[in-house]
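Residues per chain are reported as follows:
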Amino acid sequence: MQGRPQDPASHRRQRVSGKKTMKILVPVKRVVDYNIKVRPKADGTGVETAGLKMSMNPFDEIAVEEALRLREKGAATEVVAVSIGVQQAQDTLRTAMAMGADRAILVLTEESPEPLAVAKILKAIVERETPDLLILGKQAIDDDMNATGQMLAGLLGWPQGTFASKVELADGRAEVAREVDGGTEVVSIALPAIVTADLRLNEPRYASLPNIMKAKKKPLETLQASDLGVDTTRRLTVVSVAEPPARKAGVKVGSVEELVEKLRNEAKVI
Amino acid sequence: MTVLVFVETEAGHARQASRSAIAAASKLGEVHALVVGDAASVGASADAAAKIPGVTKVLKAGNDALAHTLAEPLADLLVSLAGDYSHIVAAASSVGKNVLPRAAALLDVQPIPDVLDIVDADTFVRPIYAGNALATVKSADAKKVLTIRATSFDPAPAEGGSAAIEDAAAPAAGDTSRFVSAETPTSDRPELESARVIVSGGRGLQNGENFKTVLEPLADKLGAAIGASRVAVDSGYVPNDYQVGQTGKIVAPELYIAVGISGAIQHLAGMKDSKVIVAINKDEDAPIFQVADYGLVGDLFDVVPKLAAAL
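My aim in this report is to walk through the structure given alongside it, one point at a time.

Calculation criteria
Residues numbered from 1 in each chain as written. Chains lettered and ligands numbered in written order. Predicted model: local features only at pLDDT ≥ 70, side-chain atom pairs only at ≥ 80, totals over all residues. Helix = DSSP H or I, 4+ residues; strand = E, 2+ residues; numbered from the N terminus. Rg over C-alpha atoms; globule rule 2.2 N^0.38 Å. Buried ≥ 20, exposed ≤ 12 C-beta atoms within 10 Å, placed from the backbone. Contact = placed C-beta atoms within 7 Å. Pairing = 2+ DSSP bridges. Axes fitted to C-alpha atoms, helices over the stretch in contact; angles between N-to-C directions. Nonpolar A, V, L, I, M, F, W, Y, C, P; charged D, E, K, R; others polar.

1. Comments concerning the overall build of chain B
Secondary structure summary: chain B contains nine helices and 18 strands in total. Relative to the globule expectation of 19 Å for 311 residues, the C-alpha radius of gyration of chain B, 21 Å, shows essentially globular dimensions. Taken along its principal axes, the extent of the C-alpha atoms in chain B is 60 × 40 × 40 Å. Per-residue burial over chain B gives 60% buried out of 311 residues. For chain B, restricting intrachain contacts to residue pairs at least 6 apart in sequence, the fraction spanning at least 24 positions comes to 69%.

2. Here's the deal with the sheet that holds strand β9 (residues 183–190) of chain A
If you walk across this open sheet you meet the ten strands as β11(A)-β5(A)-β4(A)-β1(A)-β6(A)-β10(A)-β7(A)-β8(A)-β9(A)-β13(B), and the pairing is mixed. The open sheet has two edge strands, β11 (220–224) of chain A together with β13 (177–183) of chain B, and neither has a second partner. Averaged over all pairs of adjacent strands, the angle between their axes in this sheet comes to 30°, without regard to strand direction. Of the strands in this sheet, β1 (23–27), β4 (78–85), β5 (103–108) and β11 of chain A are in contact with helix α3 (residues 89–99) of chain A, which crosses β4 of chain A at around 165°.

3. Here's the deal with the interface of chain B and chain A
Facing 70 residues of chain B, the contacting portion of chain A comprises 64 residues. By residue number, the principal contributor to the side of chain B that touches chain A is helix α5 (residues 94–106) of chain B, which donates eight residues. Class assignment of the residues belonging to the side of chain B that touches chain A gives a composition of 38 nonpolar, 17 polar and 15 charged. For β9 of chain A and β13 of chain B, the ladder comprises six bridges, and the chain directions are antiparallel. Paired with glutamate 185 of chain A across the two strands is alanine 182 of chain B, which belongs to β13 of chain B.

Here is the structure:
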C-alpha cells in the first residue's frame, strides 16, 4: 500500500488498531434467479424478465464469501459490496451485508450497463475507496459476458487472477489457483489486484435471520453514475433475441442391443 | 479489412479451437496470426501457424513473460499490434477469455464473447442466459474484439498454407504477475474439445472409482474422451477440466454418451450441439432424454458394461 493514497477512514482505523488495513471490494450484480429459465420476448427485443424472481449472481455470492473468509481469518479488515444498476439492486447489497459485508455502495444507472461501462464505474469507485483487492464473480449468468473483472484490471493497470479456485494472501501478493482448459494453473499477483471467482472457490453461506435484520442497519451509500463522470453509452445494439434452435427428443430404445444397432446402422457413428 | 487472430499453440502445433477462430476470422477478411511462447519454442509454433491455409502472415513474439500466456503482457502485446487491424479475435478458451477483455478495455472497446455466428463485419450472434436465448448484437466500436465459440465453426486445416513469419516486439516482463505452476494431467485420451466421441458421467456414477471401473472401459472401446457434469466435478469424482457445461467446456462431438446425467440446463448448454446424443439414466423423466437421440432407461451399472462388451 505504500505510495498509494488512502482514504481518511482507513487512516483512522490504522490509528485505532495499530494494524495495517486490508480492504476488499466486492462488486455484486442483481440477475434473474439461476433456477428460472428465461425466454425471449415475443417481439424479439430482449428476454422476458418482468415479474421474475431476482437474486444475487451466483458467482458474486462466491466472491462475497471469499472476501468474508479472508476477513475472518485476519487477512482482510473490511469488506465493501458495490452494485451498479437500478434502485432494487439495494436488495442485492443487503444480501451481501446479511452474509457479512461491512457496508455497501449502490451506483444508480437507468439500465443494465455493459461490462465496459461497469468497469469504468468500478474504476471510479476504486479511486475513491482505494481497496487492496477486488473479488468479482467470473461472469454474470444473464449476459454471460465473463469480461468485467479482466476489463477493470486492464483499466486500472492491475494484475488479474481470473477463474479462481483458491486464493491465498501473503507478503503483499495473492497466490491464485486458476481453473484453465488443461487443468489448474497457479499465478502470483502483486496487490492491489483483481481476482474473479470460479464455481469451486467455496460454498457461500446462507444469511441467518438475525444477520438479515442487522444488515438493515449497515451503511448503504447511494451514488449516481452520472456523478462519477463516466460515459455509459452502449457500444452494442441488440438487433434481436431469439430462441436457440430446438433439439428434438429422439426415441427410447429397449435394450443395449437395440442401442448398438441404431448407433451402427441408423446414426452411423460407431 | 485485416483480422488479427491470437493462436494458441501446444508442443509445436496450433490448437484446434484456434483453427476454428481462424475459420471464423476468414469470413471477415485477411487473417494474420499471432503466436507467443518462450524464445526457444516460439519458432516452431510460428511454423505451425504459417501452415494453416487462410493465414497470410504470422507474427511471433517470444520471451519469458509470454511463455505462460499471462494476461498482462499478452494484452499489452495485442494492444501494441491492434492499430493495423479491424478485428482482434481468439478462441473462447480459458486463455482467450482471460486476455481479450483486458485488451479490449485498454482499446476502449466492448468485447463480444462466445461468437456463434458472424452476420457481417459489425454484427454477431452470441448466447445469453446459458444458451437459452441467442442475441444478435451490432457493435458501434471502430475495432471489434471477439472470442469465438470453437464448436460453431469447422476448424481451418492444420496444413496446406505457407505464410510469411515476422517478429513482433515482445513486451518487457514485469513482476506484478508471475506464473508459479501448472497442473495439467496428461492422458492418452483425446482432448474433450476435439474428441469425435465423448463419454460423460454425472451424479449417477456415485464416486470417482466408478468413473474408472465403469466409464473408462466404454471410453476405451470407443476411443472417446471422458467428460463430466458439474455435480460430478463438485463432488470430487473427477478434476475440474472434465466439466462439460455453461461454465465448463463447450463440446460438439459426433457422439455424446451421457451416463447418469440428469441434464440440468447448465450441462445441456455445453453439449446440445453434439451430432448424436445418447442418454443412459434410470430416471425416465430425466430432462436429458428431451435432447437425446437415443435414450436407454436403465441402471448404468448394468447397462454400461454390457454396452462396452457389445462394441
